[in-house]
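Residues per chain, in single letters:
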Amino acid sequence: MNHYNEILNQKEYSFINTNEHLGRHVILLGLSGSYSYGTNIETSDIDIRGITLNQKSDLIGLTQFEQYSDENTDTVIYAFNKIIALLLSCNPNTIELLGLNPEHYLYLNDAGHMLLDNKRLFLSKRAIQSFGGYADAQLRRLQNALARDSFPQSEKEQHIFNSIKNAVHGFNSRFKSFENGSVEIYIDNAVNPEFQKEIFVDVNLKHYPLRDYAGMLSIMSNVVKDYEKIGKRNKKKDDLHLNKHAMHLVRLFMMALDILEKGEINTYRTKEHDLLMDIRLGKYQKEDGTFHDSFYDILADFEKRLKYASENTDLPEEPDMKKVQELVMTINERVIRDEI
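Anyway, here's the lowdown on the structure attached to this text. (Residues numbered from 1 in each chain as written. Predicted model: local features only at pLDDT ≥ 70, side-chain atom pairs only at ≥ 80, totals over all residues. Heavy atoms only, no water.)

### Description of the packing of helix α4 (residues 80-88) against helix α14 (residues 321-336)
In step 1: Interaxial distance between α4 and α14 falls to 12 Å at its minimum, and their mutual angle equals 160 degrees. Looking at the two axes, α4 sits roughly antiparallel to α14. By crossing handedness, the relation of α4 to α14 is classed as right-handed. Contacts from F80, N81, I84 and L88 of α4 reach α14 at M321, V324, V328, I331 and N332.
In step 2: The class makeup of the residues in the contact of α4 with α14 is 7 nonpolar, 2 polar and no charged. (Axes fitted to C-alpha atoms, helices over the stretch in contact; angles between N-to-C directions. Helix = DSSP H or I, 4+ residues; strand = E, 2+ residues; numbered from the N terminus. Parallel < 35°, antiparallel > 145°, perpendicular 65-115°, else oblique. Left-handed = near helix turned anticlockwise from the far one by under 90°. Contact = heavy atoms within 4.5 Å. Nonpolar A, V, L, I, M, F, W, Y, C, P; charged D, E, K, R; others polar.)

### A few points about unusual backbone geometry
Trans peptide bonds make up most of the peptide bonds, and negative phi angles are found at most residues other than glycine.
In step 1: Positioned with a positive phi, D74 is a non-glycine residue whose angle comes to about 50 degrees.
In step 2: With respect to the secondary-structure elements, D74 resides in the loop between β3 (67-70) and β4 (75-79).
In step 3: Phi angles above zero are rare outside glycine, and C90 is one such case at about 60 degrees.
In step 4: Structurally, the position occupied by C90 is in the loop between α4 and α5 (92-95).

### Some points on the environment of Y68
In step 1: One can find Y68 in strand β3.
In step 2: Separated by 52 residues in sequence, Y68 and I16 place their C-alpha atoms 9.6 Å apart.
In step 3: Here Y68 is in contact with F15, N19, L22, T75, V76 and I77, once residues within four sequence places are set aside.

### Points about the nonpolar core
In step 1: Judged by nonpolar contacts, the single largest core of 60 residues is most densely connected at F80, I95, F122 and F295.
In step 2: In terms of residue count, helix α11 (residues 235-262) provides more of this core than any other element does, 13 residues in total.
In step 3: One finds Y4, Y13, F15 and L106 within the second-largest nonpolar core, a separate group that totals 14 residues. (Core = buried A, V, L, I, M, F, W, Y, C linked by side-chain atoms within 4.5 Å. Buried < 20%, exposed > 50% of the residue type's maximum accessible area, 1.4 Å probe, protein only.)

### Regarding the pattern of salt bridges
In step 1: Inspection of the entire model under this criterion finds 13 salt bridges.
In step 2: Across the pair D258 and K262 runs a salt bridge whose closest N-O atoms are separated by 3.1 Å. Residue D258 and its partner K262 are located together in helix α11, separated by 4 residues, close to a single helical turn.
In step 3: Each of the salt bridges in this network shares a partner with another, and the network as a whole consists of D258, K262, R269 and E272. (Salt bridge = Lys/Arg side-chain N within 4 Å of Asp/Glu carboxyl O.)

### A word on the sheet that holds β3
In step 1: The 5 strands lie next to each other as β3-β4-β2-β1-β5, forming an open sheet whose pairing is mixed. The two strands at the open ends of the sheet, each matched to only one other strand, are β3 and β5 (105-108). Neighbour-to-neighbour, the strand axes of this sheet turn through a mean angle of 10 degrees, independent of strand direction.
In step 2: The sheet strands contacting α4 are β1 (26-32), β2 (47-52), β3 and β4, and the helix crosses β4 at an angle near 90 degrees.
In step 3: Together, β1, β2 and β5 form the strand contacts of helix α6 (residues 110-117), whose direction differs from that of β5 by roughly 110 degrees. (Pairing = 2+ DSSP bridges.)

### Concerning the packing of α6 against α14
In step 1: Contact geometry for α6 and α14: axes closest at 11 Å, N-to-C directions at 175 degrees. Viewed along their axes, α6 and α14 adopt a mutual orientation that is roughly antiparallel. Every residue of α14 that contacts α6 at D110, A111, M114 and L115 is listed here: L327, T330, I331 and R334.
In step 2: Its residues assigned to classes, the contact of α6 with α14 shows 5 nonpolar, 1 polar and 2 charged.

Set out below in structure tokens:
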């Protein structure tokens, strides 16, 4: 598809103009997924991600709004305040929205441009954990999927444990601090008679916000559910998914290195396009569905480079919250003053 600007004129996207949370409040819309990475194939779908300003009643009234999702068009539009929180944690799925090719932005107004002009404010050493943890979880899911039922249950449980451990590591930046208690996860002999080993959790919290606690449980629960979804599927379809999964794992490393080494967000992968497409098209996969050693050599090289970049990056430990707050207040003040 060459004329990206025509996408929004299609009738299935009319909700962008008619929904009360969108319309004139939208500040940015861009391509997401394969088209934004440059790894699209003939059957790739168009995915759109965007940002819309919170309404005045969200900011100084009683209403709340976090995001609008349209499953029919695979469109997700985040509320401004919510995406700021995600960007501050260097969330891989949202930080990429600040690094698209210019032609992949379908709509940008002056507030959207202001956000893009200040994108470096959101880059910090938090990217080490967010990208590294995300990549580690993706790798373990890939390993688990490849293993099918051949891995011992105890080893699968270890994979799940490592993924949850990465999620728990990020709790401090997302939830109220654990001053009044603790959350500890560990593996021990199973209580479940069908398991050999099992993940356990010790929770010691007092006077803790219920919604934060529910959020933590949801994150850990979703990791377990993701693993349980992996089973025996149609091999041809399964291989396509695995190759795409493997490609995105490598792409995550590429983006993380750009952020840590150069302080840049580059969503579209020009130089590495051929390598990514080779992975997606199955050139690193054996006939039995597993991957050649050369693929794991690539991963090992990226892991080594990421470790070095993490130890030598010039990025600050944390974002400059004062400057981020000034940006957020400048943009939100327009809503309060009815200047959008």
